[in-house]
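Single-letter residue listing:
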Amino acid sequence: MMARRGGKRIRMNDPPPEYEEQGEVLNESTSDGDSPMKRMTRLRARGGVRDKPPIIDDDEDDFFAPVARKRKQPGPRKPPGERRERVERPRKEHIEKEQERVDMERDVTTDENSLYFIVRHSKSAIASIVDDWIEKYKQNRDSALIALMQFFINASGCKGKISEDMPHPMEHTAVIRKMTEEFDEESGEYPLIMPGQQWKKFKMNFCDFVQTLVKQCQYSIIYDQFLMDNVISLLTGLSDSQVRAFRHTATLAAMKLMTALVDVALLVSNNFENAAKQYEAERVKSRDRRASDRLESLMTKRAELEENMDEIKNMLTYMFKSVFVHRYRDTLPDIRAICMAEIGVWMENYPQNFLDDSYLKYIGWTLHDKVGEVRLRCLQALLPLYDKEELKGKLELFTSKFKDRIVAMTLDKEFEVAVHAVKLVISILKIHPDILADKDCEIVYELVYSSHRGVAQAAAEFLNVRLFHLTADMEETKTRRGKIRLPNTPLIRDLVQFFIESELHEHGAYLVDSFIDNNAMVKDWECMTDLLLEEPGLNEEVLDNKQESTLIEIMVSSVKQSATGEAPVGRASNRKITLSSKELKAIQDEKVRLTEHFIATLPPLLEKYQADSEKLANLLAVPQYFELDIYTTNRQESNLQALLDKMSYIMSVHTDREVLETCAKTLEYLCTEGSATYTRCDVARSNIIDNAVNKYKDAIDDWRNLIAGEEQPNEDEIYNVTISLKVISILYASHNLNPWNLFDSIFQDVDECQSKENTGRTLPNEALIYCIEACYFSISWGLHFVENQCESSNVATVSAELRDNLVKYIAACFELTRDGPTEQIQESAYQSICDLLIVFSDQLSKNENENIRSLEYKSTLDEQLILNNFVQHYVFTIKQEGI
């Protein structure tokens, strides 16, 4: 794939150029023909004169995995942490010379008149610092230039001092060599990588200084063939250094310098175009109306601007070839990141010159970089380009070549890179929709279930652009009774189908969380309930059972997150834990809105799906997120009663554990003490419990009568006693059933099971598990009552009774843990013991009431051995399968 630029064929899939390897020591001599310190020429800027090859670390080829090239013979390599880019320099043999060097370093770092000290410590604006330097430059450009060069040297962490009596023209190679010898690399640290706020500020000031310098000099000084030649020459040489600090600092300065020059070039280009238009307008005037002096002035101005434009372009081209082309694949990731960040700025600000395949290819190659930060900078450089419609044509070849790599980066191990990759794919979709294949889109689709919230929400935005948005050609549909469907109806239907085809059941909460902040359809509960309750019209497709279940799961997940503001468990994000008052109010408003809607629609939904356990388990959770006071403030008592009646019916006829547990928890929320609905809901709760207790008593009486008469219970009688105990156990988990005095009756069966009397005539194993659970909850509620509700006159009696129940129950559970009839019964007994040992631990010994202190349970060594044996046998063993 190729494009033409200036008559030359540029191949986008060309590999990065091979660079000549150099030795460990800097070249000490450079011929006049290729000296980077000489005045640049147009021939040099166009690449006619070969530049001195840079010094590249020996592991550079690892950074570009997809590019096949000849590799060097592998040799022993130190671990990355141990690499040290050192330049061998003569050892200091005399203490006097060493002391002299230290004194000189101290002078440099504490010289309050140096640019480095001023930029680092001064509170003055950078612009004023630059203005002061310009004044000094106008007075004595040699000394001002040395001060500027010293600034770059010191900013690299080098304390060496440039001599004032350097020969002219300055030999920058000699300066760099001398500074390299003076450099103290022992610490390995320098300003750009030093931690702390002060160094972060210095780095910002450093970049600002370089760019402000160019901005303030743009009308005269940068064209004097002295300042820019020397600065560019110095930075080019330093960027080739083996000393990492020099290379890093000089590259940053050079790239920021180029960015500033790009701004100047853009301004000069605009001025040139305006001058050209003015000249042309004056030229075409008739001779008697033409002002010859103005025409001559415009022609001179145009020529000057053209010359300036050529000068700036020469500088940019030279620096690009001399610095960027070598440093974009430097071994230091920070340097590569700088190059990618700045080339993106050039392309965005000056696309007519830099937005070209011959420049874009460098970003494309670096998309394969092995360091996440560098890959991120590439994507950040590309994003603004794709957001501009006018640049669409210039990006087409690049997109077709590197599209696959960008799509693959949506799966990047660095989440921030993945987020930006998805955003870039969205931009590609908008300007080049046909370039993305279905397989590309499917890769992004699946990311809505990512564990990282940022990635998931970016993927949801991609889906919004591609699928989930309203269009003008969507037909208006009606229900069977003529009600017009809401606008989001087709989107919700598509969302349901998308979830089903994803084949990720039970991930509805993740899907909702991905869309909840960027698509209103997931909170359009009216549209959802209409789809569930309203009969479809003539031209509408009927929702099948799977689609209904999926829609209900999505709807309830949306209700939960809207009312709580909490993302699903396991979805990592940078979201703050504490919410602002504004965010809390928004959540409260959503809670009120969903309550007002579902107060009226939930009873009919429960009526319609009362026979479907899966749908009921989801729908019954909705009232747990209600603002209960709205029942009274909006005069909705009739709907509250309808809800309670449906819940009572469900508890009496359903046997699915999830349905029963959800119903019991919702009933607990409705019976919140102090709420306006408490009295009505408490009466309904008592009726539900009465009904459950009566069923249990009838079933257990029938069972025990049959056992006493030595008869064998039939299937119906076994079913009745098992289900009644199941309901009692589940209700006990959320509600205090102790006032119904069930403990003795239920414990009787636990006791008979562990005593092994009447073997074969005990309750079914499933029923015994419910008995163990119910007794545990009875004892736990007993402690809660003693600690919070029991009158002081009765505490001693109630505590004594609770203590007796606790002791005999734990004793029975220890026996069942050691030698229960089934593994499930053993496990249930074990869990009950562990929980009770925590609840009745030494925390009770700190209570002020001596009766409560007496409830502390201390296990014996034999009991601890039983627990240890259970864990060793059932947990820390390797189960042999297929033997």
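Being a predicted model, the structure only gives us computed values, none of them experimental.

**A few points about the confidence of the model for the protein**
- Considering every residue of the protein, the mean pLDDT works out to 84; 83% of them sit at 70 or more.
- Ignoring residues within four places in sequence, the model shows residues 17-95, a span with pLDDT below 50, making 144 contacts including any to other chains.
- Counted against residues more than four places away or in other chains, residues 97-108, with its pLDDT under 50, gives 16 contacts.

**Examining the packing of helix α32 (residues 795-819) against helix α33 (residues 823-839)**
- The geometry of α32 relative to α33 is characterised by a closest axis approach of 8 Å and an angle of 140° between their N-to-C directions. The orientation of α32 with respect to α33, classified from their angle, is oblique. Here α32 runs over α33; the crossing is left-handed. Residue-level inspection shows L806, Y809, I810, C813, F814, L816, T817, R818 and D819 of α32 in contact with α33, the latter providing I825, Q826, A829, Y830, S832, I833 and L836.
- In terms of residue class, the contact of α32 with α33 is built from eleven nonpolar, three polar and two charged.

**Quick notes on the packing of helix α13 (residues 357-366) against helix α15 (residues 396-408)**
- Contact geometry of α13 with α15 gives a least axis separation of 10 Å together with a crossing angle of 25°. One element, α13, and the other, α15, form an angle in the roughly parallel class. The interaxial crossing formed by α13 with α15 has right-handed handedness. In this structure, α13 contributes D357, L360, K361, G364 and W365 to the contact, and α15 contributes L397, F398 and F402.
- Of the residues in the contact of α13 with α15, the class split is five nonpolar, one polar and two charged.

**Digging into the side chain of S841**
- Structurally, the position occupied by S841 is in the loop between α33 and α34 (850-853).
- Looking at S841, its side chain comes within polar contact range of the main-chain oxygen of I838, at 2.9 Å.

**Focus: helix α20 (residues 508-515)**
- With seven of eight residues buried, α20 is to be regarded as a mostly interior element.
- Looking only at α20, the buried set comprises G508, Y510, L511, V512, D513, S514 and F515.

**A word on the side chain of D513**
- Position of D513 among the secondary structure elements: in helix α20.
- Here D513 falls in the buried class, since its relative accessible area comes to 0%.
- Excluding residues within four positions of it along the chain, D513 makes contact with R453, Q457, Q561, A567, P568 and R571.

**Description of the state of the cysteines**
- Applying the stated criterion to the full structure yields zero disulfides.
- Unpaired in this structure, C753 has its nearest cysteine sulfur neighbour in C771, at a distance of 9.2 Å.

**Description of the packing of aromatic side chains**
- Here the structure, examined in full by the defined rule, presents 33 aromatic pairs.
- Each ring, one from F320 and one from Y362, has its centre 5.5 Å from the other, and the planes form 70°; the classification is edge-to-face. Of this pair, F320 sits in helix α10 (residues 292-327) while Y362 sits in helix α13, and the two are 42 residues apart along the sequence. One exposure class covers both F320 and Y362, and it is buried.
- One aromatic cluster in this structure is built from F320, F324, Y328, W346, Y350, F354, Y359, Y362 and W365.
- A cation over a ring is seen here: R141 above F226, with NZ or CZ 3.9 Å from the ring centre.

**What to know about α13**
- Of all the ten residues making up α13, ten are buried; the element is thus mostly covered by neighbouring parts of the structure.
- Taken residue by residue, α13 has D357, S358, Y359, L360, K361, Y362, I363, G364, W365 and T366 as its buried positions.

**Overview of the pattern of salt bridges**
- Applying the stated criterion across every chain yields a total of 28 salt bridges.
- As a salt-bridge pair, K388 and E348 come within 4.0 Å of each other at their nearest N and O atoms. You can see K388 sitting in the loop between α14 (372-386) and α15 and its partner E348 sitting in helix α11 (residues 333-349), a full 40 residues away along the chain.
- Take K388: its relative accessible area is 26%, and that puts it in the partly exposed class.
- Look at E348 and you get partly exposed, because its relative accessible area is 27%.
- For K615, the salt bridge identified is with D612, shortest N-O distance 2.6 Å.
- Classification of K615 as buried rests on a relative accessible area of 1%.
- A single network of salt bridges, built from pairs that share partners, joins D240, R247, R327 and D330.

The rules behind these values
Residues numbered from 1 in each chain as written. Predicted model: local features only at pLDDT ≥ 70, side-chain atom pairs only at ≥ 80, totals over all residues. Heavy atoms only, no water. pLDDT = per-residue confidence, 0-100. Contact = heavy atoms within 4.5 Å. Axes fitted to C-alpha atoms, helices over the stretch in contact; angles between N-to-C directions. Helix = DSSP H or I, 4+ residues; strand = E, 2+ residues; numbered from the N terminus. Parallel < 35°, antiparallel > 145°, perpendicular 65-115°, else oblique. Left-handed = near helix turned anticlockwise from the far one by under 90°. Nonpolar A, V, L, I, M, F, W, Y, C, P; charged D, E, K, R; others polar. Polar contact = N/O pair within 3.5 Å; in protein donor to acceptor, adjacent residues only side chain to side chain. Buried < 20%, exposed > 50% of the residue type's maximum accessible area, 1.4 Å probe, protein only. Disulfide = S-S within 2.5 Å. Phe/Tyr/Trp six-rings, centres within 6.5 Å; stacked < 30°, edge-to-face > 60°. Lys NZ or Arg CZ within 6 Å of the ring centre and 35° of its normal. Salt bridge = Lys/Arg side-chain N within 4 Å of Asp/Glu carboxyl O.

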